[in-house]
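For reference, the chains in residue letters:
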Amino acid sequence: MREGIVAALDHAAYVCVCDDVGVLSFVNDKFLMASGYMREEIIGKPSPTVDLQSHGSSFFAEVGKTISEGRLWRGEICHKSKAGFPFWVETTIVPSSGDALLTGKCIWIGFDVTERKGTEQYLADSQIFSKALMQSAPTGLFLTTAGGACTYVNEKWIEFTGFKSSQAMNQGWRKSIHPEDAVSVLAGWDRFLSGAAPFQCQFRYRRADGKETLVLASAVTLVGSSGKVSGYLRTE
């Protein structure tokens, strides 16, 4: 049974053994394939694949401290192959115990998460890009949760209303509507949230300084990857 578990792990994961300063004494074939190194190029040396530039010195100091205290460490480490290509590894480092052959050694087990990290970076970049577009839009933009609570307004909306972004959050934005228009506008908005009717209407915002801005507003439903409503976007 034990041999079967070891064989399965060796097939599925990167497995290395190193001492307390990172000098390698064993690497499995899967790690060699990912790194592009020959076994003789890295055994007896600190791993040349660890991308020091992707992690600060404090990161490795914390890893070393955890291991020296005999505690297990888990985290993500960026490596670079011999050809210079990065690959991310979700890593567990286990200090050895109870095995004379591994005295003073650490067992390093990792799973490749490069694709997931790439997706995370793509999503982060997309969010930055989307936010920049929304902020620079020539129209007022207003974003809510599925329940209708405001979570975001852009600079143009702030200009229309004179509100600070924090004042618009949740249901605070309702106070920005001209008192003479508020009843009909808010009733139409609530009907839209309930799915009873689309939202498109003309109304006025009134700033604290008395300036009024007439807008033509419409809203669309945002649907998430699950197929459920994730929120609403209103343009003005």
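Preceding block: the structure.
Conventions we followed
Residues numbered from 1 in each chain as written. Predicted model: local features only at pLDDT ≥ 70, side-chain atom pairs only at ≥ 80, totals over all residues. Heavy atoms only, no water. Salt bridge = Lys/Arg side-chain N within 4 Å of Asp/Glu carboxyl O. Buried < 20%, exposed > 50% of the residue type's maximum accessible area, 1.4 Å probe, protein only. 1 Å grid on protein atoms, 1.4 Å probe; cavity = no way out; pocket = protein on both sides within 12 Å on 5 of 7 lines; lining within 4 Å. Points joined across faces, edges and corners; volume = space filled by probe spheres on them. Helix = DSSP H or I, 4+ residues; strand = E, 2+ residues; numbered from the N terminus. Nonpolar A, V, L, I, M, F, W, Y, C, P; charged D, E, K, R; others polar. Phe/Tyr/Trp six-rings, centres within 6.5 Å; stacked < 30°, edge-to-face > 60°. Lys NZ or Arg CZ within 6 Å of the ring centre and 35° of its normal.

Novice: Quick one: what's the story with the pattern of salt bridges, residue by residue and with numbers?
Specialist: Pairing of side chains with opposite charge becomes possible as their charged atoms draw close. Within the structure shown, the criterion is met by 14 salt bridges. In this structure, glutamate 69 engages lysine 65 in a salt bridge whose closest nitrogen and oxygen atoms are separated by 2.8 Å. Overall, the relative accessible area of 42% leaves glutamate 69 in the partly exposed class. The partly exposed category is assigned to lysine 65, whose relative accessible area is 42%. Note that arginine 207 is salt-bridged to aspartate 209, the shortest N-O span being 3.2 Å. Of the residues examined, arginine 207 reaches a relative accessible area of 22% and is grouped as partly exposed. If you follow the salt bridges from partner to partner, you end up with Glu76, Glu90, Arg116 and Lys117 in one network.

Novice: Before we move on, could you go through the layout of surface pockets and cite the residues and values that matter?
Specialist: If you add up the space inside the largest pocket, you get close to 490 Å³. Among the elements of the structure, β1 (14–19), α4 (57–68), β3 (73–80) and β5 (105–112) are those that each provide at least two residues to the lining of the largest pocket. Broken down by element, the residue count for the lining of the largest pocket peaks at 4 residues, all from α4. In terms of residue class, the lining of the largest pocket is made up of 15 nonpolar, 4 polar and 2 charged.

Novice: I'd like a description of the packing of aromatic side chains, backed by residues and values.
Specialist: According to the stated counting rule, one finds 16 aromatic pairs in the structure shown. A centroid spacing of 5.7 Å and a plane angle of 90 degrees characterise the contact between phenylalanine 59 and tryptophan 73, whose relative ring orientation is edge-to-face. With a gap of 14 residues between them, phenylalanine 59 in helix α4 and tryptophan 73 in strand β3 connect regions that are remote in the sequence. What makes tryptophan 73 buried here is its relative accessible area of 9%. Centroid distance phenylalanine 142 to tryptophan 157: 6.2 Å. Interplanar angle 40 degrees. Geometry classified as tilted. Highlighted residues: phenylalanine 142 in strand β6 (residues 141–145) and tryptophan 157 in helix α6 (residues 155–161), separated in sequence by 15 residues. Residue class for phenylalanine 142 comes out buried when judged on its relative accessible area of 0%. Owing to a relative accessible area of 0%, tryptophan 157 belongs among the buried residues under this scheme. Ring pairing ties together the aromatic residues Phe142, Trp157, Phe163, Trp173, Trp189, Phe192, Phe199, Phe203, Tyr205 and Tyr232, which thus form one cluster. A cation over an aromatic ring shows up here: arginine 234 above the ring of tryptophan 173, its NZ or CZ 4.6 Å from the ring centre.

Scope: geometric values only; no functional claims are made or implied.
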